[in-house]
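# Examination of the molecular architecture
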Amino acid sequence: MTDQLTDGRAAPEGGAAEALEPAAPAPATGRPEAGAASAPATDTAPATVSGTGPEPAAVPVTEAAPAGTGAEAVVVPAAAPRGRRVLRAVARWTAAAVVCGGVGAGTALGITSLDRHQVPGLATESDGRWAYPALSLPALPADRPRPFTGANDAEIHWADTRRLLLPEPAGATSDARLTGGFVPTERYLALYGKDFRGEMRQALADSALRHVAARGWTMPDGTRTSVHVLRFTSVAHAQQFEDEVIRGGYSTDGVKTLPDGVELVLPEAFPDDIEVPDVRISAYREQQPYGPEQTRFAYVQAGDSIALVTLARKDGVATVPFQQTVTLQAQLLG
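Within each chain, residue numbers correspond to sequence positions counted from 1 in written order. Local features in a predicted model are, by the rule used here, given only for residues with pLDDT of at least 70; side-chain atom pairs are given and counted only at 80 or more, and totals for whole chains, interfaces and linings are based on all residues. Side-chain measures were taken over the full set of non-hydrogen atoms in the model, leaving aside hydrogen atoms and water.

Right, let's talk about the overall build of the protein chain for a bit. Counting its secondary structure elements, the protein chain contains five helices and eleven strands. Only the protein chains shown count as cover for residues, and all accessible areas are computed by the Shrake-Rupley method using a 1.4 Å probe. For the protein chain, the exposed area adds up to about 19800 Å²; of that, 54% sits on carbon and sulfur atoms. Every helix listed is a DSSP run of H or I at least four residues long, and every strand listed is a run of E at least two residues long, numbered separately from the N terminus.

Now for the nonpolar core. For the purposes of this section, nonpolar cores are sets of buried Ala, Val, Leu, Ile, Met, Phe, Trp, Tyr and Cys residues that join through side-chain atoms within 4.5 Å. Exposed residues in this analysis have more than 50% of their type's maximum accessible area, buried residues have under 20%, and partly exposed residues fall in between, with area computed by a 1.4 Å probe over protein chains only. Core analysis: the biggest nonpolar cluster contains 33 residues, and Leu166, Trp217, Val300, Phe322, Val326 and Leu333 have the highest contact counts within it. Only strand S4 (135–137), strand S6 (211–218), strand S7 (224–231), strand S10 (294–302), strand S11 (305–313) and helix H5 (319–333) provide two or more residues apiece to this core. Tallying contributions element by element places H5 first for this core, with six residues. Counting residues in each nonpolar core, the second largest holds 26 residues, with Tyr188, Met200, Ala214 and Val262 among its members.

Glancing now at unusual backbone geometry. For the bond running from Gln288 to Pro289, omega is 0°, close enough to zero to count as cis. By secondary structure assignment, the location of Pro289 is in the loop between strand S9 (280–286) and S10. Although it is not a glycine, Phe148 adopts a positive phi angle of roughly 65°. With respect to the helices and strands, the residue Phe148 is situated in the loop between S4 and strand S5 (173–183). One non-glycine residue, Ala208, lies in positive phi territory at about 55°. Relative to the helices and strands, Ala208 resides in the loop between helix H3 (194–206) and S6.

Our next topic: the packing of H3 against helix H4 (residues 235–246). How two helices sit against one another is set out by the angle between their axes and by the gap between those axes. Axes here refer to lines fitted to C-alpha atoms; in helices the fit is confined to the stretch in contact. Angles between the N-to-C directions go from 0 to 180 degrees. As a packed pair, H3 and H4 sit with axes 10 Å apart at the nearest point and diverge in direction by 160°. With respect to H4, the axis of H3 lies roughly antiparallel. Crossing geometry of H3 relative to H4 is assigned as right-handed. Across from Met200, Ala203, Leu204 and Asp206 in H3, the residues of H4 making contact are His237, Phe241 and Val245. Roughly parallel here means an angle under 35 degrees, roughly antiparallel means over 145, roughly perpendicular means 65 to 115, and every remaining angle is called oblique. Note: crossing handedness is left-handed where the near helix turns anticlockwise from the far helix by less than a right angle, and right-handed where it turns clockwise. Should any heavy atoms of two residues lie within 4.5 Å, those residues are considered in contact.

Let us now look at the side chain of Thr310. Mapped onto the elements of the fold, Thr310 is located in strand S11. Polar side-chain contacts of Thr310 include one of 2.5 Å to the side chain of Ser226. Excluding anything up to four places from it in sequence, Thr310 contacts Arg224, Thr225, Ser226, Arg296 and Phe297. Polar contact is defined as a pair of N or O atoms within 3.5 Å, subject to the rule that within protein one atom must be able to donate a hydrogen and the other to accept it, and that residues adjacent in sequence are counted only when both atoms are side-chain atoms.

What follows is about the pairing of S6. A large share of S6 lies buried, amounting to six of its eight residues. As judged from the eight bridges shared by S6 and S7, these two strands associate in the antiparallel manner. If you follow Val212 over to S7, its bridge partner there is Leu230. Here a strand pair is declared whenever DSSP counts at least two bridges between the two strands. Linking S6 back to S7 in an antiparallel pair, the connection comprises five residues, with Gly222 at a positive phi of about 95°.

A separate point is the packing of aromatic side chains. The aromatic pairing rule takes the rings of Phe, Tyr and Trp, using the six-membered ring of Trp, and pairs them if the centres are within 6.5 Å, calling planes under 30 degrees apart stacked, those over 60 edge-to-face and the rest tilted. Overall, the coordinates contain seven aromatic pairs when judged by the stated rule. Ring geometry for Trp130 versus Tyr132: centroids 6.4 Å apart, planes at 50°, classification tilted. Each member of the pair Trp130 and Tyr132 is classed as buried. On the basis of an interplanar angle of 80° and a centroid distance of 6.0 Å, the ring pair of Phe270 and Phe322 is categorised as edge-to-face. One end of the pair, Phe270, is in the loop between strand S8 (265–268) and S9; the other, Phe322, is in helix H5, with 52 residues separating them in the sequence. As far as burial versus exposure is concerned, Phe270 and Phe322 are alike and both buried. Here the guanidinium or amino end of Arg144 rests over the ring plane of Trp158, the centre of that ring lying 4.1 Å away. Each ring is checked for a lysine NZ or an arginine CZ that lies within 6 Å of its centre and within 35 degrees of its normal; such an atom marks a charge sitting over the ring.

These results come straight from atomic positions and should not be treated as a statement about function.
Structural data, given as C-alpha cells:
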C-alpha cells in the first residue's frame, strides 16, 4: 500500500546463442589430371562384408564421355553407405534441436525477466492504487534534525513546508489554484461551511499560524483531491487546534467542523499495517445518502503541523486511493 521514502539529507537480455546448421557438402566433381587415361565405366558396386567389422569405403564410379565428343571423363562419387547417411541425418536433426532449444531458452529468459502485468494472459488487475512518483524527504538546513528524533524534542519540521506536500500521481490534472505553494488562510477556511469559518479564523490567529501550503488535482475517474498542510508555531498549538476546534472535544459525529457540503460523517479506521509512527491520523467518510458526491477526508497531526487530505467523487470515493494518499502524506510529515 505504501511507497518507501528515501531520507536524503542533501537537496537531492540475454538472448540464446544462435546455433548454425552445418552447411550441406558441396557436390564433388573430380577431373582427371592431364594425360591421365579415362577409366572404363563399371556397374558393379563394391562388395559388402557381413559381420561386425568396419564398413568398407565406397569406390567412386567414373563415367566415360561419349566417343568423339572430346569431353573429359567425369568422376561420379558413389553413394554414401547407409550407416554414414544415418549419421549425417542424426547430425542434421541434432543441429535443428539445438536451434529450437536455444530459441526456447531465450524466450523463457525474456519472460522471466518481465513483470507479471507485462506478460500477455498473466496481467494482474489493478487494486486501484494511484501511481505516485518516488518520494523522498526534503533536505534540511544545516545541523537541523528531523522531527521525532532524540535531538528534536519540540517536534519541529525544519524542512520547507511546500516540500512536505504529497506530489500529484500519474494521470492527474493539476488544480490551478493549488499548485504546491503557500496559499492564503482564507483559501483553507473556504473548505468549511460558513458557520465554522469565524471560529476557525480566530483560533488560527490565536495560535500564530505560520503558513498554509496546498496542492490539488483531479484524476481521470473524476476524483478531486486536495492536500493542505498547516504549520503552527509549536506542537502544542497544533494539537490544541485539532482537538478543540476541528474535533470539538471528540464530538459524537467525529468532527465539529466539517468540509463544506458534508453533513453525515463516520469515523474511519485504517488498517494497522499502514500506521505511521509518531503521527496521528483521524479519517472520516460521508455516510449515505450523500449529496451529489461523496467526500472522504483525514487530518494528519505530526508535531507542529497538521495536514488535511480531502477526496471527493460523484459515485463515491474508492477506499484504496484514499488510504494510500493519506498514508503517504503522513509518511512525508513523519
